[in-house]
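Examining the three-dimensional arrangement
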Amino acid sequence: MNVRSLRFKLGWTNALLITVVFLAIGFIRYEVLSYRAHLSFDSDLLEDARDFATRLHFPESGAVTISTEGLPPSEVLALERIRPYFAVTDLKGTVLRPELHSAYIQDMLDAGALSEVLRSHSGFSRAEGVDGRQIRFYSLPFAAGASAEQVILHVGQSTEPIEAVIRESLLIYLYSVPLIIFVSGAIGWLLAGRALKPFEDVAQVAGLITSKNLNMKVVTPHKEIEVQRLVDAFNSMVGRLNRSFEQLRQFNADAAHELRTPLAILQGETEIALNSMDLPEDTRSLLASNLEELDRLTRVVNEILTLSEAEAGTRNISKVPLDLKPLLEDLVEHLNLLALDMDVRIHLPQLSAAVIEGDELWIRRAIINLLDNAIRYSKPGSNIWVAATVDGERVRLSIRDQGIGISAADIPFIFDRLYRADPARSRNSGGSGLGLSLVKWVVEAHEGTVHVSSRPDEGSEFTVEIPLARAHSSISGLLQG
Amino acid sequence: MKILVVEDEGKVASFLKKGLEQAGYEVDLAMDGEEGYDKFRAADYDLILLDLMLPKMTGWDLIPLFRKRKPTMPIIALTAKTAVEDRVQGLNLGCDDYLVKPFSFAELLARIEVQVRRGVSMGTAELLAGDLLLDPLKRKVSRGGKAIELSNKEFALLEYLMRNKDQIVTRNMIVENVWDSSFDNFTNVVDVYINYLRKKVDYPFDKQLIQTVRGVGYSLKG
């Protein structure tokens, strides 16, 4: 999971937003619940207090009684619940008839917890019990017995049951927060994934487009406007790129082609001039030297032309099943003859068959270029090892020499056209500077890759990987020519 | 020997004419396809050197017309188009040989020589050069009655040299005919094989048959 991915950000933001909304709703719900619970508690208390007052017989002295006759059992129960929590005061708040109080109220009186309640003549107030219980009181005037002396009756009720309900609902709410974060995050992740899938697909297909197949277009089964807009923009950009590339290739091909006739004239005229007998010796050697240079120029022009034609697609690659084993054996046998000239030996161990889909002419040419390159940069008396191993669905061909090697700074460029690691050394060895470019083109045209690893003065190893005949990518079906 | 050169590029035509005349050929020039066809009908040529990209009528138009009238007259095509499969295409068109510009004039001369003197030793008859004998059917070689063992490639090379006895064959020609390939690298391989061949058919004997023609190629003298 990449934290910088849009998908991650969307999933994460989704989780955050939903959690915040959930918490906000929870807070409001809690407030409303608590308010309404207290409200209904108060109205119950008020009613119970009044009932209690009407049913209470409060003689000057003697026992206080509550008449319960004719009451339904539920109201009797309510009155019974109140009984432990009542007190009587005069108008100044002085407690009357302390013998009436329950032990709990007596404790509260002793602790002074009821002072505020006792000062009240009417209405609600609250106090905390000695055991920490919250108790809500309602105070109302009361005519006590025959003397009709005005006393105040304070009737209480523990709020503990409703506080417990409110607390419980809050806890359930808080406990579900991690679950909400997780679920909303997961849903956000999945939704973002689904929303981004078309773009992933487009990116994957677009990634298959290289300078070799710029005439391709991305098509996608996703019909969403946003995706289509991206695909259209991409295709039109690739189209513009393709036109530029085509012009460049055409220019290369045209330029090389245009050079051929003047080169032919120069070469022909020079050769014929050399054939005439009556030339002074210095002129003759000058012409001979010109001829050598012309030969080199011709070779470079030919390779540029081949390469640009290959890239422009005017040179077709016709792929047929091609076994690399006999091809390599044949090439190594012949190139060993050249290598012997330089006191270099090419070794080829026993090979097993490796059939690719290939154009023999081009593959042969690419391998020759690699071997030729290895020989050219080998030191006298050294060895070149050629190996071809089948690895899964690909064949890996490696050509390792003990030559002068390539410095790390040059490696990224050696497949570029006309790039020379060491101009002085390699020009004398006769390369055109295009051989490796052609290798790269041929290998890529066969859906393969070519890599080089090298250490200066120790040697280089070129590794070519090409899919075997049966392994063919199906994703290219998404590209349309 | 009379050669018709059909070539629209003036300077190319002129060095071809000059060079071929130096080499002892009689040369007529035609600057476009129609002129080429007119001249072909008006005179009797031993060989035609034909540029394929011509104004009015192209080389591809002309080859069938030439072939209709003179089926065996050698035609060597010249083109500024490249390489490998064009060569195959050119030979399929019905020309006898094919050169890509720019070419070496010595190469052209050698190819012309081979074409105008060909037909001597095609078949399967035994080939003889001095006391060197090659039997293409039995694939046997002997010199002065002594049997010589050759590898397949050495045999093919010797056979090619003997079929073109007394003529110069260039390295490119050898590569094209013996190796059936056209890569620059292989011209060096030719030198190596010539050396192998010499060790077996020349060095043990007094007279050296295979000769190097400097800057051009080889020739087997019989």
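All values reported here derive from a predicted model rather than from experimental measurement.

**Some details on the overall build of chain B**
For chain B, the count of helices and strands is eight helices and 12 strands. When each of the 222 residues of chain B is scored for burial, the buried share is 52%. Expressed as a percentage of contacts within chain B between residues at least 6 apart in sequence, the contacts between residues at least 24 apart total 58%.

**Details of the overall build of chain A**
Within chain A one finds 12 helices and 15 strands. Here chain A holds 481 residues, and 41% of them are scored as buried. Once local pairs closer than 6 in sequence are excluded, the contacts in chain A between residues at least 24 apart make up 65%. With an accessible surface of roughly 26300 Å², chain A has 58% of that area assigned to carbon and sulfur atoms.

**As for the nonpolar core**
Residues Ile346, Ile363, Leu371 and Val386 of chain A together with Leu158, Ile174 and Trp179 of chain B are the most contacted members of the largest nonpolar core, which totals 82 residues. Sequence-distant contacts of isoleucine 174 of chain B, defined by excluding residues within four places in its chain, comprise Leu157, Tyr160, Val169, Trp179, Val190 and Tyr218 of chain B.

**With respect to the environment of arginine 83 of chain A**
All names here are of chain A. Summarising the element assignment, arginine 83 is placed in the loop between α2 (73-82) and β3 (86-89). Relative accessible area serves as the criterion here: at 36%, arginine 83 is assigned to the partly exposed category. Sequence-wise, arginine 83 and histidine 101 are 18 residues apart; in three dimensions their C-alpha atoms are separated by 9.0 Å. The residues touching arginine 83, leaving out its near neighbours within four places in the chain, are Phe52 and Ile66.

**Observations regarding the interface of chain B and chain A**
The partner chain A presents 31 residues to the 31 residues of chain B that form the contact. In this assembly, chain B packs against chain A so that about 2800 Å² is buried in total across both faces, 65% of it on carbon and sulfur atoms. Seen at the junction of chain B and chain A, the total is zero salt bridges. Scanning the region where chain B abuts chain A turns up four residue pairs in polar contact (both at pLDDT 80 or more). Counting only elements with at least two residues in the side of chain B that touches chain A, the list comes to α1 (10-22), α4 (84-93), α5 (105-116) and α8 (184-201) of chain B.

**Brief notes about the confidence of the model for chain B**
The predicted model of chain B averages 85 in pLDDT, with 90% of residues at 70 or higher. Overall fold confidence (pTM) sits at 0.58, and the ipTM for the predicted complex is 0.79.

**Some details on the pattern of salt bridges**
Residue and element names in this part refer to chain A. Tallying each qualifying case throughout the model produces 31 salt bridges over all chains. Note that aspartate 42 is salt-bridged to arginine 136, the shortest N-O span being 2.7 Å. Here the residue aspartate 42 occupies a position in helix α1 (residues 6-55), and arginine 136 occupies one in strand β5 (residues 134-144), the gap between them amounting to 94 residues. Each of the two residues, aspartate 42 as well as arginine 136, counts as buried.

**Section: the sheet that holds strand β9 (residues 146-148) of chain B**
Residue and element names in this part refer to chain B. Reading across from one edge, β6-β7-β8-β9 is the order of the four strands in this open sheet, with antiparallel pairing throughout. Edge positions in the open sheet fall to β6 (127-129) and β9, since each of these has one partner strand only. Each strand axis lies, on average, 25 degrees off the axis of its neighbour in the sheet, ignoring direction. Sheet analysis places strand β8 (residues 140-143) next to β9, joined by three bridges and oriented antiparallel. Bridged to arginine 143 within β9 is lysine 146. Its contacts with the sheet place helix α6 (residues 152-163) against β6, β7 (132-135) and β8, and it is angled at close to 110 degrees to β7.

**Here's the deal with the side chain of serine 378 of chain A**
Residues and elements named next belong to chain A. Along the chain, the position of serine 378 falls in the loop between α10 (360-376) and β11 (383-391). Under the relative-accessibility criterion, serine 378 is labelled buried at 10%. Of the polar contacts made by the side chain of serine 378, one reaches the backbone oxygen of alanine 374; its length is 2.8 Å. Apart from residues lying up to four places away in sequence, serine 378 is in contact with Val344, Ile384, Asp401 and Gly403.

**Quick word on unusual backbone geometry**
Residue and element names in this part refer to chain B. In this model, lysine 101 is joined to proline 102 through a cis peptide bond whose omega is -10 degrees. Mapped onto the elements of the fold, proline 102 is located in the loop between β5 (97-100) and α5. A positive phi angle, near 55 degrees, is found at arginine 139, a position not held by glycine. Note that arginine 139 resides in the loop between β7 and β8.

**Section: the packing of α1 of chain A against α2 of chain A**
Residues and elements named next belong to chain A. At a minimum axis distance of 10 Å, the contact between α1 and α2 shows a crossing angle of 90 degrees. Here α2 runs roughly perpendicular to α1, going by the angle between their axes. Of the residues in α2, those touching α1 at Asp48, Ala49, Asp51, Phe52 and Arg55 are Glu75, Ala78, Leu79 and Ile82. Within the contact of α1 with α2, the residues separate by chemical class into five nonpolar, no polar and four charged.

**A look at the sheet that holds strand β10 (residues 168-170) of chain B**
Think of a sheet as strands paired side by side through backbone hydrogen bonds, with each pair either parallel or antiparallel. Residues and elements named next belong to chain B. Pairing in this open sheet of three strands is antiparallel, and the strands run β10-β12-β11 from one edge to the other. What marks the edges here is a single partner per strand, and that holds for β10 and β11 (210-213). Pairwise comparison of adjacent strand axes, ignoring direction, gives a mean angle of 35 degrees for this sheet. Along the sheet, α6 contacts β10, β11 and β12 (217-220); its crossing angle with β12, the most-contacted strand, is approximately 70 degrees.

**Some thoughts on a nonpolar patch on the surface**
Taken together, the side chains of Leu179, Phe182, Val183, Ile187 and Leu191 of chain A define a hydrophobic patch exposed on the protein surface, amounting to about 500 Å² of accessible area. Structurally, the position occupied by phenylalanine 182 of chain A is in helix α6 (residues 177-206).

Procedures and definitions
- Residues numbered from 1 in each chain as written.
- Chains lettered and ligands numbered in written order.
- Predicted model: local features only at pLDDT ≥ 70, side-chain atom pairs only at ≥ 80, totals over all residues.
- Heavy atoms only, no water.
- Helix = DSSP H or I, 4+ residues; strand = E, 2+ residues; numbered from the N terminus.
- Buried < 20%, exposed > 50% of the residue type's maximum accessible area, 1.4 Å probe, protein only.
- Contact = heavy atoms within 4.5 Å.
- Areas by Shrake-Rupley, 256 points an atom, 1.4 Å probe, with all protein chains shown as cover.
- Core = buried A, V, L, I, M, F, W, Y, C linked by side-chain atoms within 4.5 Å.
- Buried area = accessible area lost by both parts, 1.4 Å probe.
- Salt bridge = Lys/Arg side-chain N within 4 Å of Asp/Glu carboxyl O.
- Polar contact = N/O pair within 3.5 Å; in protein donor to acceptor, adjacent residues only side chain to side chain.
- pLDDT = per-residue confidence, 0-100.
- Pairing = 2+ DSSP bridges.
- Axes fitted to C-alpha atoms, helices over the stretch in contact; angles between N-to-C directions.
- Parallel < 35°, antiparallel > 145°, perpendicular 65-115°, else oblique.
- Nonpolar A, V, L, I, M, F, W, Y, C, P; charged D, E, K, R; others polar.
- Patch = residues over 30% accessible without salt bridge, like charges linked within 9 Å, V, L, I, M, F, W, Y side chains within 5 Å.

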